[in-house]
Amino acid sequence: MALATATLFVACGGSGDTNTASAPVNSLDPTGTAMSSDQLSTVPSSASQGSEDLVDYRDGNTYRTVTIGPMTWMAENLRYVTNGSFCPSENYEYDSRYGCYYTHSAAVSSCPVGWHLSTKAEWETLIAIAGGDSANRKLKSTGDEWKRYDASRIPAEVEGPGSDDFGFSGMPAGRWDASSHAGQGLSTDFWATENYNDETFYAFQLSANAPDQQNDRHYTWQKDDYSISVRCVKN
């Protein structure tokens, strides 16, 4: 796997992985079919000014959302359990704020009705609004979850936590590479819908590393069987 910036894990659902269990049947959506628009609701959010919370009645999860420019994003990582997702388990150390991890084939159909998996064009618009080169810092959460690189190994400016200027609150979830959890505290990747080539798909990346140390400041590409985070965008 090639990484273009810096370098996400726990299992609780899967698609052919022997280390994962089958996803539980949703009591509110036992057939696994899409929910109608009247089965989703939004409520005023006290956390994000000018946005609403999304209630996903497939599983009862509630997500903060934030409007940035022309788009409304989930301000938390998706936690919906489905085939091809890897979610909290007693077998792995896990922080629920990091959400679930999804293969690309699972990610494209994982968002609630009225929302969709983010596209590369939407990521590019978000990056531009967040200042281009400064987007890495402005879209990351402010907490100590973001580790700082050892300056003796990388003798240049390091960035660590972000400033979260827009309320996007990117968390350093790392990734699940089908056999291990990697990058937690150092980076996070989010699927985009588009293919990079025949075998890999675009992903947007935030890193603990400073932007000027990254080969390509915002993008990586991952194979479908790697599992990374999902942020949905309102239709």
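Undergrad: I tried to follow the nonpolar core on my own but got confused; where do I start?
TA: Side chains of a nonpolar character, in soluble globular proteins, are inclined to be buried together. Counting residues in hydrophobic clusters, the biggest one holds 20 residues, and the most contacted among them are Trp73, Trp123, Leu126, Leu139, Phe168, Phe204 and Leu206. Mapped onto this core, the elements with two or more residues apiece are strand S4 (65–68), strand S5 (71–74), helix H2 (120–129), strand S11 (187–195) and strand S12 (200–207). Among the nonpolar cores identified, the runner-up in size contains 19 residues, and Leu78, Ala107, Trp191 and Phe201 belong to it.

Undergrad: Explain the packing of aromatic side chains to me, please; I cannot follow it from the model alone.
TA: The way to describe two aromatic rings as a pair is by their centre distance and the angle between their planes. Scanning the model with the defined rule gives 9 aromatic pairs in all. Between the aromatic rings of tryptophan 123 and phenylalanine 204, the centroid separation amounts to 4.4 Å while the plane-to-plane angle is 15°, which identifies the pairing as stacked. Within this pair, whereas tryptophan 123 is found in helix H2, its partner phenylalanine 204 is found in strand S12, the two being separated by 81 residues in sequence. The class of tryptophan 123 is buried, set by a relative accessible area of 0%. In this structure phenylalanine 204 comes out as buried when scored by relative accessible area, which is 0%. Taking 6.0 Å as the distance between ring centres and 80° as the angle between the ring planes, the aromatic pair formed by phenylalanine 168 and phenylalanine 190 counts as edge-to-face. Remark: phenylalanine 190 occurs in strand S11 and phenylalanine 168 occurs in the loop between helix H3 (135–138) and strand S9 (175–176); sequence separation between them is 22 residues.

Undergrad: So what exactly am I meant to see when it comes to the pairing of S12 here?
TA: Within S12, 8 of the 8 residues are buried, leaving the element largely enclosed by the surrounding structure. Summarising the sheet, S11 and S12 pair through 6 bridges and their orientation is antiparallel. In the sheet register, phenylalanine 190 faces S12, and the bridge partner there is phenylalanine 204. The hairpin turn running from S11 into S12, its antiparallel successor, is 4 residues long.

Rules behind the numbers
- Residues numbered from 1 in each chain as written.
- Predicted model: local features only at pLDDT ≥ 70, side-chain atom pairs only at ≥ 80, totals over all residues.
- Heavy atoms only, no water.
- Core = buried A, V, L, I, M, F, W, Y, C linked by side-chain atoms within 4.5 Å.
- Buried < 20%, exposed > 50% of the residue type's maximum accessible area, 1.4 Å probe, protein only.
- Helix = DSSP H or I, 4+ residues; strand = E, 2+ residues; numbered from the N terminus.
- Phe/Tyr/Trp six-rings, centres within 6.5 Å; stacked < 30°, edge-to-face > 60°.
- Pairing = 2+ DSSP bridges.

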